[in-house]
Amino acid sequence: MVPRCDTVADVGCDHGYLTIALLQGKVAKKAIAMDVNKGPLESARINIGEMQLNAQVEFRLSDGLTKLGRDEADIICICGMGGNLIQRILGAKLEIAQSAEALILEPQSECRGVREYLDSNCFSIVDEELCIEEGKIYPIIKAVYSPEHTKGLSDAELEYGPVIIKKSPELFKKLLDKNKKEYSDILEKLEKQKIASSDSPIQKRKEELKRKLNQISTLEIELEDKLWQK
């Protein structure tokens, strides 16, 4: 997902593995490894040093993008954390995020919220992929700031990603199957509960689950049509 560039900022670098991969693969010439905690940053420094890449890396103790200057990084990577935290990091220094050529984001939760934030702040989602680890499926989102961008993602696109729906990778069907089972199981349990009123939290949750299941059914039909056309 990361295009060839001069400098990449690895925000929340943890042990530095992403920085190492990008430098060893010659995707980036330099990197700025950033983390809010001293422990992970020192771990990254050790790991990157063992690969003899320290000369290409700056290490910064930073809460999100706080210690990153405007236009300092071509690509900003924020991966391996919750979607709400990613939104907070972007929102705290939005002008820094907008100055990069692209953002590479990998939320491990609240994915819809991340897409909503991007769509509302003039970022276009130009590419997406799905990855799986220990049975959990995560999206990787490539977003580009575009001042002329107009908000316009559909409900399904916010939920599953406009490019994911278009490309329909193999993991997409697995994700739909997983969500369908999860929502159906919850709905089945809620259907057994007595509801005091039509505007009760339980009733609202049931309606939300039915909407999500209908959405999945529509996407499954579209997916079958694509496979049939192939």
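None of these values were measured; they are calculated from a predicted model.

Description of the pattern of salt bridges
- For the coordinates displayed, the defined rule picks out 20 salt bridges.
- Linking Glu72 and Arg60 is a salt bridge whose minimum nitrogen-to-oxygen distance equals 2.5 Å. Here Glu72 is found in the loop between β3 (57-61) and β4 (75-81), whereas its partner Arg60 is found in strand β3, with 12 residues between them in sequence.
- Glu72 gets classed as partly exposed once you look at its relative accessible area, which sits at 32%.
- Through salt bridges that share partners, Arg112, Glu116, Asp155, Glu159, Arg211 and Lys212 make up one connected network.

A few points about unusual backbone geometry
- If you check the backbone angles, Lys26 has positive phi at about 55° while not being a glycine.
- Within the secondary structure, Lys26 sits in the loop between α1 (17-24) and β2 (28-35).
- For Glu110, which is not glycine, the phi torsion reads 50° and is therefore positive.
- For Glu110, the position within the fold is in the loop between β5 (102-107) and α5 (111-120).

Definitions and cut-offs
Residues numbered from 1 in each chain as written. Predicted model: local features only at pLDDT ≥ 70, side-chain atom pairs only at ≥ 80, totals over all residues. Heavy atoms only, no water. Salt bridge = Lys/Arg side-chain N within 4 Å of Asp/Glu carboxyl O. Helix = DSSP H or I, 4+ residues; strand = E, 2+ residues; numbered from the N terminus. Buried < 20%, exposed > 50% of the residue type's maximum accessible area, 1.4 Å probe, protein only.

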